[in-house]
Amino acid sequence: MSALFSRFGSFTRLRLRPFGLCRTTPPAAYLYTGPSKPIPRCSNPDLKKYKNLQKNFKRRLRASYSKFADLQDESLICGRDYVYSVGCEGIYRRDWRQKEAELLLDLEQCCPGGEDGGERGEWAVQRVRVSPSERHLAATMKSSHREQARCVVVKQADAATQKDLSKILFTLHNVFSFEWANDEVLFYTTQEGLRCSRVFCLDLNSPATIPRPVFEDTQPDVFVEVALSRDGRILTINSSSKTDSEVLKAPLSGPSLGSWVPVYTPCPEVTLKDMEVVGEHCVLTTREASGGLALTVVPLASPLGGFSLPLPLWACSCESRIPGPADPRHALQLLLSSPAHPQEHFSFQPMDRLLLSRPEREGTPPERGRGGEHVTKRLEVQSQDGTRVPVTLFHSVAAGCLQRAPLLLHVYGAYGRDLNMHFSPESRLLLDLGWVLAYCHIRGGGELGLSWHRQARMKGKRAGVEDLRACLLQLHARGISSPSRSAINASSAGAVPVGALCNTDPHLVRAVTLQAPFVDVLGTMMDGSRPLTVEEREEWGDPTADPQHRLAIASYCPLHNITPQCYPSMLLTAYSEDGRVSLDGVVQYAERVQQAVHTHFTALHGAECERAPRVVLNVQPGADHFGPNHFDLVLEETGRRSGGARTGESALQMAFLYTELGLDSPRRRS
């Protein structure tokens with residue numbers, strides 16, 4: 001789990017704030033919005049055009065979110081007596097007989113402000129854990145102005161006998177992961193800077209009730225977390241780095257290393273993604289050579305008698321769901337989705353080899369839980385060295401119209417993490433508007449296992465850039481869109497291959513949108529005092545100790561390879577207090593690209609008719625690397641990114657893409 005604190009995005013929410021507009025030297029437009037500098041306010045017709053289009057897309061995005069808002073909420077926490085949910089005001093609960101939920105924990109009550117320089121900020125609930133008999137509840141809350149979260153430990157009350165449903169017992173600061181060992185004992189890890197290295201135990205039965213340390217890993221590149229098994233019987237302390245990991249647990253009956261036996265060994269073209277134990281069966285989620293997902297079932301009593309069951313072709317994401325009291329214990333509850341297909345609940349019964357779609361709620365239109373008329377295709381393109389790179393394609397337009405359709409390509413390719421393929425109302429809206437969405441699973445990611453990641457780490461990073469280039473070239477060659485109608489979206493470390501491609505092949509796309517972009521790889525890896533640099537060297541290399549690593553990074557680093565030429569238009573979104581990606585690096589990148597474009601067009605002296613790109617830097621306040629924390633800002637700026645469930649587009653991004661690709665604004669529905 002150390003990768004959770006790498007430079008990639010995940011889910012969080014943020015409050016809308018107004019921003020100013022500023023214009024600099026033509027031909028590039030440059031927008032800076034941040035609290036650290038005075039913001040000149042002046043007229044800019046292009047940026048005003050973005051704002052007008054934003055209103056259009058904001059309405060459409062609200063309609064898209066509303067369309068899927070009544071789908072079953074699979075984020076509910078199902079206890080023995082109560083069902084818990086998270087709302088804008090706090091945490092709610094209802095018993096199984098109630099229809100209306102009661103406010104159990106008010107955010108205003110547990111996050112009154114004052115800690116953030118007198119400003120309350122916008123708080124959001126991150127994680128909720130309920131003790132086994134539901135006597136206590138623990139939840140972490142995070143402010144948009146802080147990287148660290150606070151954990152509130154609450155004693156629950158019976159609504160029938162007491163007016164107040166909860167009583168706050170403790171507030172613990174800088175908590176990342178936490179789990180109940182029993183009704184009175186809570187284990188948790190603390191976040192110091194951007195690292196988690198210590199585990200504490202809070203015993204509510206202890207007379208002193210003072211948290212005591214129980215574990216510490218002093219290695220600087222290790223991340224520690226606590227986790228609970230699916231059946232709630234085993235609590236583990238997981239200590240992981242980028243290259244190895246260790247799980248510590250208390251033995252159930254004193255098992256020794258010699259008692260472990262292999263259960264399943266996948267063939268080379270199959271990648272393990274997840275594992276659950278259901279009754280006497282081990283159920284593995286695997287990704288097949290074709291790119292599709294499957295369930296591989298291994299009977300624990302006779303491992304050779306296993307079988308594999310392909311999941312539906314449209315399924316790009318598979319998550320196990322914690323069973324509720326009404327769910328059969330012999331079945332595995334699964335949530336399947338794709339960028340075009342809303343999350344759908346399935347029940348898998350390994351004994352009967354049955355995968356059943358759970359009925360939707362009464363009154364929900366049937367098309368809400370399906371991909372509609374959208375087409376899902378799995379392709380392969382050949383990279384420069386002959387490697388076959390998988391691409392997942394979505395479109396709703398007819399095959400004969402694909403060449404004229406706009407293309408938005410998503411990419412990541414770092415830390416062995418899969419590209420986010422969860423459902424996104426933003427992506428669904430783009431598909432409905434006639435876009436083609438391509439998800440390029442380049443090397444450096446985890447789609448095809450450890451080897452896929454290792455081929456594009458350290459000195460091999462350029463392989464991911466070549467994979468991205470091959471994806472664009474061969475999609476265009478197959479009649480899917482064209483460079484003038486193509487754009488790329490990436491976040492965090494996904495900006496590295498995108499920025500490198502813009503330096504070498506800027507003509508392949510017309511626009512790029514980057515969120516919290518990591519663009520100064522060389523400067524970051526050279527400075528060991530920066531957060532995460534030591535840990536990140538296992539991914540990017542150590543240029544201070546190895547000259548070959550320095551040469552490799554210098555050859556692709558987006559910031560250090562900018563040259564005068566016509567770049568794609570860029571929308572760069574950054575956060576003023578981001579601890580993972582330096583704001584200075586993003587600002588410097590925007591300024592250098594802008595200057596390179598200006599130099600290029602100045603040298604032309606009108607000899608060539610070429611459309612000038614725009615470089616738009618949107619700096620939002622806050623310490624969050626992961627983006628907006630509030631629905632209104634999600635619409636204004638970006639959605640959930642890699643590590644979370646929404647990827648993709650926002651009102652500003654959509655307005656930017658339509659403007660820079662020269663597309664007609666969608667007509668308002670009559």
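Residues numbered from 1 in each chain as written. Predicted model: local features only at pLDDT ≥ 70, side-chain atom pairs only at ≥ 80, totals over all residues. Heavy atoms only, no water.

Examining the sheet that holds strand β4 (residues 102-106)
Each strand in a sheet pairs with another by means of backbone hydrogen bonds, the pair being arranged parallel or else antiparallel.
Part 1 of the argument: In space, the four strands of this open sheet follow the order β1-β2-β3-β4, with antiparallel pairing throughout. Among the strands making up the open sheet, the edge pair consists of β1 (77-78) and β4. (Pairing = 2+ DSSP bridges. Helix = DSSP H or I, 4+ residues; strand = E, 2+ residues; numbered from the N terminus.)

Some details on helix α5 (residues 462-477)
Since the α-helix advances by 3.6 residues per turn, residues separated by three or four positions end up pointing in the same direction.
Part 1 of the argument: The terminal C-alpha atoms of α5, which comprises 16 residues, lie 22 Å apart, in line with the 22 Å expected from a rise of 1.5 Å per residue.
Part 2 of the argument: Residues Ala-463, Gly-464, Val-465, Glu-466, Asp-467, Leu-468, Ala-470, Cys-471, Leu-472, Leu-475 and His-476 constitute the buried set of α5.
Part 3 of the argument: Next to the buried residues of α5 lie β24 (375-382), β25 (388-395), β26 (407-411), β27 (436-440), β28 (486-491) and α6 (495-504).
Part 4 of the argument: One or two residues past the end of α5 sits Gly-479, with phi positive at roughly 85°. (Expected span 1.5 Å × (residues − 1). Buried < 20%, exposed > 50% of the residue type's maximum accessible area, 1.4 Å probe, protein only. Contact = heavy atoms within 4.5 Å.)

Regarding unusual backbone geometry
Part 1 of the argument: With a phi angle near 60°, Asn-174 is a residue other than glycine that sits in the positive phi range.
Part 2 of the argument: Tracing the backbone through its elements, the reader meets Asn-174 in the loop between β8 (166-173) and β9 (175-180).
Part 3 of the argument: Residue classification places Asn-174 among the partly exposed positions, given a relative accessible area of 32%.

What about the confidence of the model for the protein?
Part 1 of the argument: Summing up the model confidence of the protein, the mean pLDDT is 79 and the portion of residues at 70 or higher is 77%.
Part 2 of the argument: Contacts for the low-pLDDT stretch residues 1-46, under 50 throughout, to residues beyond four places or in other chains number 159 contacts.
Part 3 of the argument: Here residues 629-649 is a poorly scored stretch, pLDDT under 50, and it has 117 contacts once near neighbours within four places are set aside; other chains count. (pLDDT = per-residue confidence, 0-100.)

Details of the pairing of strand β3 (residues 90-95)
Part 1 of the argument: Within β3, five of the six residues are buried, which leaves the element mostly enclosed by the surrounding structure.
Part 2 of the argument: Turn length for the strand β2 (residues 82-86)-β3 hairpin, with the two strands adjacent in sequence and antiparallel, is three residues.
Part 3 of the argument: Bridge count for β3 against β4 is four bridges, and the pairing is antiparallel. Within β4, the residue paired with Gly-90 across the bridge is Asp-106.

A few points about α6
Part 1 of the argument: Counted residue by residue, α6 has nine buried out of 10 residues, so it is predominantly covered.
Part 2 of the argument: For α6, the full list of buried residues reads Ala-495, Val-496, Pro-497, Val-498, Gly-499, Ala-500, Leu-501, Cys-502 and Asn-503.

A word on the side chain of Ser-486
Part 1 of the argument: Inspection of the secondary structure assignment puts Ser-486 in strand β28.
Part 2 of the argument: For Ser-486, a relative accessible area of 0% translates into the label buried.
Part 3 of the argument: There is a polar contact of 2.8 Å between the side chain of Ser-486 and the side chain of His-476.
Part 4 of the argument: Contacts of Ser-486, omitting those with residues within four sequence positions, involve Leu-407, His-476, Ser-481, Leu-508, Val-509, Arg-510, Ala-511 and Leu-661. (Polar contact = N/O pair within 3.5 Å; in protein donor to acceptor, adjacent residues only side chain to side chain.)

Thoughts on the nonpolar core
Part 1 of the argument: Counting 98 residues, the largest nonpolar core has Leu-409, Ile-488, Val-498, Val-521 and Trp-540 as its most contacted members.
Part 2 of the argument: Beyond its immediate sequence surroundings of up to four residues, Val-521 is in contact with Val-496, Trp-540, Ile-553, Tyr-556, Cys-557 and Pro-558.
Part 3 of the argument: Core analysis: the second largest hydrophobic core is formed by 17 residues, Tyr-82, Leu-105, Val-152 and Val-154 among them. (Core = buried A, V, L, I, M, F, W, Y, C linked by side-chain atoms within 4.5 Å.)

Quick word on the packing of aromatic side chains
Part 1 of the argument: Enumeration according to the criterion identifies 10 aromatic pairs in this entry.
Part 2 of the argument: Ring plane angle 80° and centroid distance 5.4 Å describe the contact between Phe-176 and Phe-223, whose orientation is recorded as edge-to-face. Highlighted residues: Phe-176 in strand β9 and Phe-223 in strand β13 (residues 223-228), separated in sequence by 47 residues.
Part 3 of the argument: Relative to Tyr-658, the ring of Trp-435 has its centre 5.8 Å away and its plane inclined at 55°; by these criteria the two rings are tilted. Taken together, the residues span a long stretch of sequence, with Trp-435 in the loop between α3 (425-432) and β27 and Tyr-658 in helix α12 (residues 651-660) at a distance of 223 residues. An identical accessibility class is assigned to Trp-435 and Tyr-658; each is buried.
Part 4 of the argument: Grouped by ring-pair contacts, the aromatic residues Phe-57, Trp-435 and Tyr-658 constitute a single cluster.
Part 5 of the argument: Geometry around Tyr-82 places Arg-93 over its ring, the cationic atom sitting 4.1 Å from the centre.
Part 6 of the argument: Cation over ring: Arg-127 sits above Phe-176, and NZ or CZ is 5.6 Å from the ring centre. (Phe/Tyr/Trp six-rings, centres within 6.5 Å; stacked < 30°, edge-to-face > 60°. Lys NZ or Arg CZ within 6 Å of the ring centre and 35° of its normal.)

So, the sheet that holds β24
Part 1 of the argument: Taken in spatial order, the eight strands make up an open sheet running β24-β25-β27-β26-β28-β29-β30-β31, and their pairing is mixed. The open sheet is flanked by β24 and β31 (615-620), the only strands paired with a single partner. Put simply, the sheet's adjacent strands are angled 20° from each other on average, direction ignored.
Part 2 of the argument: Running at roughly 140° to β28, α6 makes contact with β26, β28, β29 (511-515) and β30 (569-575) of the sheet.
Part 3 of the argument: Strands β26, β28, β29, β30 and β31 of the sheet are contacted by α12, whose axis makes an angle of about 160° with β29. (Axes fitted to C-alpha atoms, helices over the stretch in contact; angles between N-to-C directions.)

As for the environment of Glu-102
Part 1 of the argument: Relative to the helices and strands, Glu-102 is located in strand β4.
Part 2 of the argument: For Glu-102 and Leu-165, which are 63 residues apart along the polypeptide, the C-alpha to C-alpha distance reads 8.6 Å.

A short note on the packing of α5 against α6
Part 1 of the argument: In contact at an axis separation of 9 Å, α5 and α6 are set at 65° when each is read in the N-to-C sense. Taken together, the axis directions place α5 and α6 in an arrangement best described as roughly perpendicular. In the packing of α5 onto α6, the handedness of the crossing is right-handed. When α5 is examined against α6, the residues Gly-464, Val-465, Leu-468, Arg-469 and Leu-472 are found in contact with a partner set consisting of Pro-497, Val-498, Ala-500 and Leu-501.
Part 2 of the argument: Taken together, the residues of the contact of α5 with α6 break down into seven nonpolar, one polar and one charged. (Parallel < 35°, antiparallel > 145°, perpendicular 65-115°, else oblique. Left-handed = near helix turned anticlockwise from the far one by under 90°. Nonpolar A, V, L, I, M, F, W, Y, C, P; charged D, E, K, R; others polar.)

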